[in-house]
Every structure is written in C-alpha cells, then in structure tokens.
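Structural overview for review
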Amino acid sequence: MSLKVLVYGCGAREQAIKDSIKHSALCKQIVESICQNPDLIIFGPEQPICDGLVDYYSSLGIKCIGVDKKFSVLESSKLSAKKFMVNHGIKCAKLLPVESDIFPQVVKADGLCKGKGVKVVYNQAEKDEFTRFIPKPYFIEEYLKGDEISVMSYFNGQKLINFCPARDFKRLSADIKSPNTGGMGAYCPVDLSELQMNRLEKYLNLLEKALILEGAKFNGFVYSGLIWTKNDWYVLEYNVRLGDPECQAILNFLDNDFLEIILNGEKPVYKKGYSACLTVASEGYPYNPIIGDEIILPVDDSVKVYFAGVKQIDNRLYSNGGRVLSLCNVSDNPFPVLKDYADKIIMRHKIFRNDINIF
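Nothing here was measured: the structure is a model prediction, and the numbers come from that model. (Residues numbered from 1 in each chain as written. Predicted model: local features only at pLDDT ≥ 70, side-chain atom pairs only at ≥ 80, totals over all residues. Heavy atoms only, no water.)

Across the sheet, which stays open at both edges, the 4 strands sit in the order β10-β9-β13-β14 with antiparallel pairing between neighbours. Every other strand in the sheet has two partners, leaving β10 (160–162) and β14 (232–239) as the edge strands with one partner each. If you compare each strand with its neighbour and ignore which way they point, the axes differ by 35 degrees on average. As defined by bridge partners, strand β9 (residues 147–155) adjoins β10 across 3 bridges and the pair is classed as antiparallel. Note on β10: the bridge partner recorded for S153 is N162. Sheet contacts for helix α7 (residues 194–213): β9, β10, β13 (220–229) and β14; angle to β13, the most-contacted strand, approximately 140 degrees. (Pairing = 2+ DSSP bridges. Helix = DSSP H or I, 4+ residues; strand = E, 2+ residues; numbered from the N terminus. Axes fitted to C-alpha atoms, helices over the stretch in contact; angles between N-to-C directions. Contact = heavy atoms within 4.5 Å.)

The subject of this paragraph is the layout of surface pockets. Any space left empty among the atoms is revealed by the rolling of a water-sized probe across them. Taken as a whole, the second largest pocket holds about 480 Å³ of empty space. Lining the second largest pocket we find 21 residues, and of these N162, F163, C164, L204 and K267 sit closest to its centre. Only β10 and α7 provide two or more residues apiece to the lining of the second largest pocket. Considering each element in turn, the lining of the second largest pocket owes the most residues, 6 residues, to α7. Each residue belonging to the lining of the second largest pocket can be placed in one class, and the counts come to 13 nonpolar, 3 polar and 5 charged. (1 Å grid on protein atoms, 1.4 Å probe; cavity = no way out; pocket = protein on both sides within 12 Å on 5 of 7 lines; lining within 4 Å. Points joined across faces, edges and corners; volume = space filled by probe spheres on them. Nonpolar A, V, L, I, M, F, W, Y, C, P; charged D, E, K, R; others polar.)

Shape is all these values report; function is a separate question.
Rendered as structure tokens:
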C-alpha cells in the first residue's frame, strides 16, 4: 500500500505532520489539493472536523483521519464534553452557578475559541471584563490547581493508541494573569510518578471504554487536557485533533513511522532524551498581533523550523499571524538550544517565552 496523502490545513502542526510522513513507505506522494484525488486525508485543525468534512469526504470513499461530526462536539461544545465525562465516570471540575462569587474560578466559552475561550478569574472585575468579550454561552467551573499534561490518543475505530504525555505552556508569559494562547511551547515526555502513570492508564482505559460504549467508529485523534489534583487525573478539556504545539514535539520524538501507527496499529517508539517545541510569536498576540516583519532565520541543523503564520514574497519571509514559527529540537535539554536559536532570529516584533524549561 502506497498512498497519495493530503494533510488538511496549513499551519506549523500540518507541516510537522507532512515532515513525519514524507519518507514513509506508505506515502507515495503528499498532495496539496483535493483535486489531486488523495487516497488519504489527515485533518489538522478543528474547524473542518467540527464542520463535518470528515463525514463528507468519507462518504465519497476517501479514507480520513479525523473525528466524525457526532464526536466533534467533544471540542466544539464544552458542555457536551462535560456531559460525556459525567456519563462515563470521568473525573472533571464541578460546574458552578454563573453568578458564583467563589474565586478563583474558571470561565469557559462553550464553542470553538482557538484556545482563547478559557480564563481563570480571581475577582468579579476580571470575570466581568472577560465575559464581556468571549462568545456566549459560557459557563463557570471550580478552579483546580495542579500540574497539567496533554495526552494525544489515536482511536482506530476499535481501540486507543496513546502517545507519550506532553506538557504545553498556554499563557503568553510567566505571569499567571497573562492571557491564554494557542500554545507558547511544549515538551515530551513528561516524567511521572508510578502512581501518576497507573492513574493515567486507568483514565485512558476509561476513555477507550466510553468511546466504544458511545458507538464511536471514527479514525481520529482525541486530545485529553489533564490536571493532577486530589491524587488523580481530572479532565480539563477535550480536543478532537493533534494539539499544537504538542504535535510538533511528539512527532519529532517518534522513532518509528507515524503512518504505520495510524494505519496499521503500530505502537509508538521514541528517541532518547526530550523533544521540545518553542513558539515564536508577534508582539500583540493573542489579541492584535503586529504582522509584516521580515524574518531572517539563522542556520542550525539541530533546530527544525515550521511555519505557522508566515508569508513568502520573492523568496523572503514575513510574519503573517500571531504565532509565527515553531522551533523544534530533540536532545537531553532542548529548551536552551531553542531559546538560543530564537534569540538569533531577526524579526523586529518577535516574542517568545524565555522562562520555560523542562528541569
């Protein structure tokens, strides 16, 4: 089997997926358009998945890697996800009355918000300001404190294949009151205790059972955002795609064929050390990023660079979005390498998290 593959989407995550499959024996060609009659479509971003394009192209006889419309509500409706968790005994934060004055608390918009529809608020003034701008409806959850991880799982219609836990950095800066973003960096694997590993395995078995009981038949990714609190893992959110930037870190960490994993059920095998991804963004992100800066990249073969918000004009690169670049490295301690590389990038209004580390 050798397939023409279309990776649906155009960001850094999608570039990382293309990079991970281009040398696979199962990939004959990576195509750029549905007009080129792909045999396989791998969906990257959430919007086409939640719009039902997986169902549509599957109905045309094209094999699709993506969650179907029915289960896409795990991301497109946080209240539907909450109902799914409660129905199957999956631990999660308690709902609070909208008018609750117990602080801190978590405000969540119910729809798709590209990682920016959630905020921990510490008083009524912060709550009023945030709820003034987020989409309606929204709801309130209890605040859970603890260490967070992300686990990306591939459901092949029968079972879950789980990738190693990753940790991402959602805030724009180290300031706990800075805004949530789509992700300023990530690394894997996350070193967990024996108890945490055992509880994680228990949770993932519960998730697999829940999907089967609900009649899931899709071939696609389920992202579990988890927090360790009260001596167990609690689900903060579900996404129905590979997380960005966790995807970049994990795919670079793989030591076997990504297509063999998702098409033939191979178990993921990893390289030694750690894999990290650092986001270079534009000043003003996430609300009003400055675009149009020319970008000049240093030469360093140890760092892979994926374009997130980049426009190319006459062989020159320019910033064209909030998150601009994903920088990736696999080594014993990758973040110092990535931050040194980011420092050397010429881009007038660049920002990145200089404080994040593994150790």
